[in-house]
Amino acid sequence: MDNLEYIRRARKTLKGGLSLGDLITKLVNLIDETEQAENTLFEAIYDLYFMYYPEAAVLLRERDKFIEIVSGGVERIDVGNALKISTDSMGYELSADDRSLLNLHVNEIKNLSDMRNFTKTYLDKLIHDNYRNLYEIASYMIAARLIMLSGGIRQLAFMPSSKIQILGSEKALFSHFKKGKSSPKYGVIFKNPAIESAPQEKRGKIARALASQISMAAKLDFFSKRDDSVNLREKLEKEISRITENGTKKNNR
Amino acid sequence: MELKKIIDNVFWAEDKNRLLVTKNLVVGESVYGERLLKLGGQEYREWMPTRSKLSAAFYKGLRTIDLKEGSKVLYLGASSGTTVSHVSDIVMNKGEIYAIEISEEMGANLILLAEKRKNIFPLIADARKIESYSKFVPKCDFIYQDVAQRDQVEIFIRNSNQFLKNGGHGGIAIKTKSIDVSKPNRVVVEQTLAVLRKHFTIIGSIDLYPYQRDHALIIVRKK
């Protein structure tokens, strides 16, 4: 008996089993891993640069700013002019070879950073084209992470909104179950500016409102593909303003 | 180096240390980076106990197992095909291995392996959903399971009820930590044996330490 028929069938199953959700999951992983690599490299390069020109390094603690300024040229003259500080430094004198080595490394981080941004733009477009409602309500990165954590748009569409609200906070959730700590109020949806900028005591309520609209959006995207994001947006904003106003009245009382 | 036969196509290559080897079905091909040995004009593949639970069982004293040339085998949880390739060496071209694997990524490796070894029949399916592959799998002489799931014993029982011939043997590699993480190794094995006794005659149970941590291999015969 020949196994060719089995191979053909298995190949078909494999092809059918992979979906857009898998692509999104892999892209999110790629973005996260690239960012981690950037941070690790940046720390090592930063230490090296601190030795050479501590006055500038103190001002460039942030990764993206550091890369932006230093990738223009690592020499004290270039960086000093860009930051408008004295080029007379108390740092160690690196030779020309050392400086060109440093330059190569900084450019490498810049490449990584550019690549990550490129991937992000692509992911943005992917979510925009396929999951329009989720894109408008949750923003592309949160939508992508929700799809990744739930395992696909189908699973997300069938998920209760209370679970969507805490997706990504499994550690806190289990310590709540096991050790009786307070329950988590939000998972990956916390990155949404509406929650992030809200005062501490309202975040949970806003997270609940947002999760319910995300749930609606996911259902729309999975079942009908109809773009109803304007409506959802409006509902969400109404709900959020109701929550914020309610709270202030309570405080005044 | 001299060869000592254990079962068909499986040998101890005895030198200073003993080394488990299988006769290579596809000469010149190493499947997952294992060593190839040439002994007396015949090529053998090393079967590493740290990579394969069945191999670890031989190292821990498994003398015999009802696998022979021409056997039909149902293999649940084939993964990328490390152990499958050695079972394929054992049953040779006359035998058939029906390899079930759920994960697409692992399945890709398995399919590529099946293209080289004509006795492997890959099926990308969930071993819990027997009806999804039941018409592609005949009655088998041997069932081997390595799935590391909480309900793996139940999966094994249902599959052997459907596919195993009466009196046929089966091997279950159980991962005790995925059945119950809070109980010690031995207790979980005892519990599993108690469940299996209702359906099978237990032939043996082997703890695979130190080659595989928290694993045991149980050999059963269908009543």
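All of these numbers come straight from a predicted model, not from anything done at the bench.

About the criteria used
Residues numbered from 1 in each chain as written. Chains lettered and ligands numbered in written order. Predicted model: local features only at pLDDT ≥ 70, side-chain atom pairs only at ≥ 80, totals over all residues. Pairing = 2+ DSSP bridges. Helix = DSSP H or I, 4+ residues; strand = E, 2+ residues; numbered from the N terminus. Axes fitted to C-alpha atoms, helices over the stretch in contact; angles between N-to-C directions. Domains from an automatic or database assignment. Contact = placed C-beta atoms within 7 Å. Nonpolar A, V, L, I, M, F, W, Y, C, P; charged D, E, K, R; others polar. Buried ≥ 20, exposed ≤ 12 C-beta atoms within 10 Å, placed from the backbone. Arc of directions from axis to C-beta. pLDDT = per-residue confidence, 0-100. Parallel < 35°, antiparallel > 145°, perpendicular 65-115°, else oblique.

A. Up close: the sheet that holds strand β10 (residues 164-175) of chain B. All names here are of chain B. Read across the open sheet, the 7 strands follow the order β8-β7-β6-β9-β10-β12-β11; overall the sheet is mixed. What marks the edges here is a single partner per strand, and that holds for β8 (120-124) and β11 (200-207). For this sheet the average axis-to-axis angle between neighbouring strands, irrespective of direction, equals 15 degrees.

B. Region of the structure containing the domain arrangement of chain B. Residue and element names in this part refer to chain B. Segmenting chain B into domains produces domain 1 (2-47) and domain 2 (56-222). A C-alpha centroid distance of 22 Å is found between domain 1 and domain 2. Each side of the interface is counted separately: domain 1 has 16 residues, and domain 2 has 18 residues. Broken down by secondary-structure element, the contributors of at least two residues to the side of domain 1 that touches domain 2 are β1 (2-7) and β3 (18-23). Looking at the side of domain 1 that touches domain 2, the element that brings in the most residues is β3, giving 3 residues.

C. Geometry of the interface of chain B and chain A. In this assembly, 13 residues from chain B lie in contact with 11 residues from chain A. Of all the secondary-structure elements, those providing two or more residues to the side of chain B that touches chain A are α3 (104-116) and β8 of chain B. With 6 residues, α3 of chain B is the single largest residue contributor to the side of chain B that touches chain A. Taken together, the residues of the side of chain B that touches chain A break down into 8 nonpolar, 1 polar and 4 charged.

D. Spotlight on the sheet that holds β3 of chain B. Residues and elements named next belong to chain B. Within the open sheet, the 5 strands sit side by side as β1-β2-β3-β5-β4. Their pairing is antiparallel. For this open sheet the edge positions go to β1 and β4 (36-39), each flanked by a neighbour on one side alone. Averaged over all adjacent pairs, the angle separating strand axes in this sheet is 40 degrees, with direction ignored. The pairing of β1 with strand β2 (residues 10-14) spans 5 bridges and is classified as antiparallel.

E. Examining helix α4 (residues 63-70) of chain A more closely. All names here are of chain A. Within α4, burial applies to Phe66, Ile67 and Val70. Down the axis of α4, the smallest arc covering the buried residues is 95 degrees, so these residues share one side. Among the exposed residues of α4, those oriented more than 90 degrees off its buried face are Asp64 and Lys65. Where α4 is buried, its residues touch α2 (20-52), α5 (76-83) and α6 (96-130).

F. Structural detail: the domain arrangement of chain A. Residue and element names in this part refer to chain A. Each assigned domain of chain A is listed with its residue range as follows: domain 1 (19-124) and domain 2 (132-247). The C-alpha centroid of domain 2 is placed 34 Å from the C-alpha centroid of domain 1. Of all elements in the fold, only α2 and α6 reach the threshold of two or more residues within the side of domain 1 that touches domain 2. Broken down by element, the side of domain 1 that touches domain 2 gets its largest block of residues, 4 residues, from α2. Class assignment for the residues of the side of domain 1 that touches domain 2 results in 3 nonpolar, 3 polar and 1 charged.

G. The confidence of the model for chain B, seen in detail. With 100% of its residues at a pLDDT of 70 or more, chain B has an overall mean of 92. Here the predicted complex scores 0.78 on pTM and 0.87 on ipTM.

H. Focus on the packing of α6 of chain A against helix α8 (residues 140-150) of chain A. Residue and element names in this part refer to chain A. In the contact formed by α6 and α8, the axes pass within 9 Å of each other and the chain directions differ by 75 degrees. Here α8 runs roughly perpendicular to α6, going by the angle between their axes. Two secondary-structure elements touch here, α6 through Leu123, Asp124, Ile127 and His128 and α8 through Tyr140, Ala143 and Ala144. A per-class count over the contact of α6 with α8 returns 5 nonpolar, 1 polar and 1 charged.

I. Fine view of the pairing of strand β12 (residues 215-222) of chain B. Residues and elements named next belong to chain B. Where burial is concerned, most of β12 is hidden: 6 out of the 8 residues are buried. As paired strands, β10 and β12 are joined by 7 bridges and run antiparallel to one another. Pairing of Ile172 across the sheet is with Ile218, part of β12. When β11 meets β12, the two strands line up antiparallel, connected through 7 bridges. Across the sheet, the residue bridging to Phe200 is Lys222, located in β12.

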